[in-house]
Amino acid sequence: MIEPVKHISKNYGIDRSWTLEVYERTRGYQAARKALSMEPAKIIDEMKAANIRGRGGAGFPMGIKWSFMRPHPTKPAYLVVNADEGEPGTHKDRTIMELDPHRLLEGCMIGMYAYIYVRDELHLSKKRLWDAIHELRAKGYLGKRPFGLKDYPLEIHVQTGAGAYICGEETALLNSLEGRRGEPRLKPPFPAQVGAFGCPTTVNNVESIASAGLALMMGGAEFSKLSRLHEVGDGGCRLYGVNGHVEKGLVVELPCGPSINELIAMAGGVSKGRKVKGVIPGGSSCPVLTPDEVFHMPDEKSPLHKYHGMKVFDVPMGVDTMRIAGTMLGTCCITVIAEGTCMVRAAHNLARFYKHESCGQCTPCREGTGWIERIFEKIETGHGDLGELNEVSDIASNIIGNTICAFGDGAALPMLGFVRKFRKEFEQHVKDKRCPFNGSIL
Ligand SMILES: Cc1cc2nc3c(=O)[nH]c(=O)nc-3n(C[C@H](O)[C@H](O)[C@H](O)COP(=O)(O)O)c2cc1C
Ligand code: SF4
């Protein structure tokens, strides 16, 4: 059984853990001081060795992303921290901002001049971050000469977003940050070339940045080895969340690679002693998995071959293992769905969300998400037919890969997953002209 660890979450539970006094007592800001004495390239080497796969969902290696930044002769460079945390079923970043904001701020200082983009309804997160920034300014840790150590102007700002899911997408976030409509931009150019206010920019998730100080102090390679999946380049430890039909929802820090079954057990099991019907691995954009699915990696040369033939629920959850399992690791906050739940209703609930949140720039996404939502609603209420059910695959396939941003795929793939894996349930709704579960999502 995998055991919880205390690195990122080291200060959780300590009285007034969000204050500078507590953070410094627990060796806080040593990494930022160390970073100021290092060459930027050396810091990037440590991040690469740490194998931190982006904690915001896409799993892109953080060190490699940092290496894309090139100094501009006239423009400043920005780090933008993505604290939008709008993915349904995701609830980990706010724990860092509320319980240990200085860990994030120290990561920002290792990164560079930073904006933290927080969604408006995270009131406590915003307050704790601003309070922490004021503490730093009062002590001279930020500003023209951080810690009084070096002329290297550093500032950190908190910017509030109005709470649209699409503003978590990095280029929509940059538009919103600049006061424009929160719509994704066409890439290229990528943010490392043209980002916030036309300047070179790195966009990283809260947890990714909060891991930077740990990796620097521990040494990148040592940090990476904390993981069960270190040898496949998925390093360190990270926050896992469990929500949905479990006895006790939680956020827990673990070495990368717990299995779904281990996470469910840590959350006290499926609620009311029921069996699990499905698990959404990392936010609603990740296709659902079922307990009888088997992991396929027949290639004996692959380092993941050792999991071949195992139940997917027993395989360590990592960026690559979840991709091979036909889904995504996403944000590592799993949603557990118990037996007795109507999967048509669950799918409809999510389809409604995606229809509402599409920014509308691309026709396949704007029209397709609404179309799927209407079909699911008809089926759920006993007015659908099989012809329309079959259309869902076509509509979803026409969204995938045909849009400006990843929202389209993130909306279509889970819908395909629900229909493929629970097709009998959809058909039964059509045949009986009613919901066999009385629409239960409890
Ligand atoms: C629709 C959509 C919503 C997203 N929401 C978030 C979010 O709330 N937080 C986040 O960190 N990344 C989010 N992302 C991913 C970001 O675009 C980006 O990949 C991420 O912030 C990069 O940070 P990382 O490499 O540290 O993970 C979202 C992506 C899409 C397509
Ligand atoms: S895929 Fe959807 S959310 Fe993304 S830009 Fe196109 S319409 Fe907007």
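Everything below is about the structure printed above this text.
The model shown is predicted, which means the values in this text are computed figures rather than measured ones.

### A closer look at the sheet that holds strand β6 (residues 250-255)
- Read from one edge of the open sheet, 4 strands run β6-β5-β8-β7, paired in mixed fashion. Only two strands of the sheet have a single neighbouring strand rather than two, namely β6 and β7 (276-280). Ignoring which end each strand starts from, the neighbouring axes of this sheet average 25° apart.

### What to know about the environment of Thr 202
- As for its position among the elements, Thr 202 is in strand β4 (residues 201-205).
- A sequence separation of 45 residues divides Thr 202 from His 157, and the C-alpha atoms of the two residues are 15 Å apart.
- Thr 202 has contacts with Lys 65, Trp 66, Met 69, Leu 79, Gly 111, Pro 191 and Ala 192, leaving out every residue within four places of it along the chain.

### A short note on the site of ligand 2
- Taken together, 14 residues lie around ligand 2, and Cys 359, Cys 362, Cys 365, Thr 403 and Cys 405 are the ones closest in.
- Of all the secondary structure elements, the ones that give two or more residues to the shell around ligand 2 are α15 (363-380) and α17 (407-421).
- In the shell around ligand 2, the residues fall into 8 nonpolar, 5 polar and 1 charged.

### With respect to the site of ligand 1
- The environment of ligand 1 is made up of 25 residues, and the closest members are Gly 54, Gly 56, Gly 168, Asn 205 and Ser 208.
- Ranked by residues supplied to the shell around ligand 1, first place goes to β4 with 3 residues.
- Within the shell around ligand 1, the residues separate by chemical class into 9 nonpolar, 10 polar and 6 charged.
- Here the shell around ligand 1 gathers at least three residues from each of two domains, domain 1 (20-225) and domain 3 (343-432).

### Concerning helix α6 (residues 101-111)
- Burial of α6 is extensive: 11 of the 11 residues sit out of reach of the surface.
- Taken as a whole, α6 has its buried residues at Pro 101, His 102, Arg 103, Leu 104, Leu 105, Glu 106, Gly 107, Cys 108, Met 109, Ile 110 and Gly 111.

### Quick word on the packing of helix α16 (residues 386-399) against α17
- As a packed pair, α16 and α17 sit with axes 9 Å apart at the nearest point and diverge in direction by 155°. As far as their axial angle goes, α17 and α16 are roughly antiparallel. Both α16 and α17 take part in a crossing whose hand is left-handed. Here Leu 389, Val 392, Ser 393, Ala 396 and Ile 399 of α16 come into contact with α17, specifically with Gly 408, Ala 411, Ala 412, Met 415, Leu 416 and Val 419.
- Taken together, the residues of the contact of α16 with α17 break down into 9 nonpolar, 2 polar and no charged.

### Overview of unusual backbone geometry
- Looking along the chain, the bond that leaves Lys 187 and enters Pro 188 is cis, with omega of -5°.
- Backbone torsion omega between Pro 188 and Pro 189 reads 0°, so that peptide bond is classified as cis.
- Tracing the backbone through its elements, the reader meets Pro 189 in the loop between α8 (170-177) and β4.
- At Arg 16, a position not held by glycine, the phi torsion is positive, near 50°.
- Relative to the elements of secondary structure, Arg 16 occurs in the segment before α1 (20-25).

### Comments concerning helix α18 (residues 423-432)
- Listing the buried residues of α18 in full gives Glu 425, Phe 426 and His 429. Projection of α18 onto a plane perpendicular to its axis shows the buried side chains occupying an angular sector of 105°, all on one side. When the buried face of α18 is taken as reference, the exposed residues oriented beyond 90 degrees from it are Arg 423, Lys 424 and Lys 431.
- Tucked into the core, α18 has its buried residues touching α14 (343-357), α15, α16 and α17.
- Positive backbone phi, at 55°, marks Lys 433, one or two positions downstream of α18.

### Points about the sheet that holds β4
- If you trace the 4 strands from one edge of the open sheet to the other, you get β3-β2-β1-β4, paired in parallel fashion. Taken across any chain shown, the strands that pair with only one partner, and hence form the sheet edges, are β3 (156-161) and β4. Taking the axes of each pair of neighbouring strands and ignoring which way they run, one obtains an average angle of 25° across the sheet.
- Judged from the 6 bridges that link them, strand β2 (residues 114-119) and β3 form a sheet pairing that is parallel. Paired with Ile 116 across the bridge in β3 is Val 158.
- Against the sheet, α6 contacts β1 (78-83), β2, β3 and β4, and its axis sits at roughly 150° relative to β1.
- Against the sheet, α8 contacts β1, β2, β3 and β4, and its axis sits at roughly 105° relative to β1.

About the cut-offs
- Residues numbered from 1 in each chain as written.
- Chains lettered and ligands numbered in written order.
- Predicted model: local features only at pLDDT ≥ 70, side-chain atom pairs only at ≥ 80, totals over all residues.
- Pairing = 2+ DSSP bridges.
- Helix = DSSP H or I, 4+ residues; strand = E, 2+ residues; numbered from the N terminus.
- Axes fitted to C-alpha atoms, helices over the stretch in contact; angles between N-to-C directions.
- Contact = placed C-beta atoms within 7 Å.
- Near = placed C-beta within 6 Å.
- Nonpolar A, V, L, I, M, F, W, Y, C, P; charged D, E, K, R; others polar.
- Domains from an automatic or database assignment.
- Buried ≥ 20, exposed ≤ 12 C-beta atoms within 10 Å, placed from the backbone.
- Parallel < 35°, antiparallel > 145°, perpendicular 65-115°, else oblique.
- Left-handed = near helix turned anticlockwise from the far one by under 90°.
- Arc of directions from axis to C-beta.

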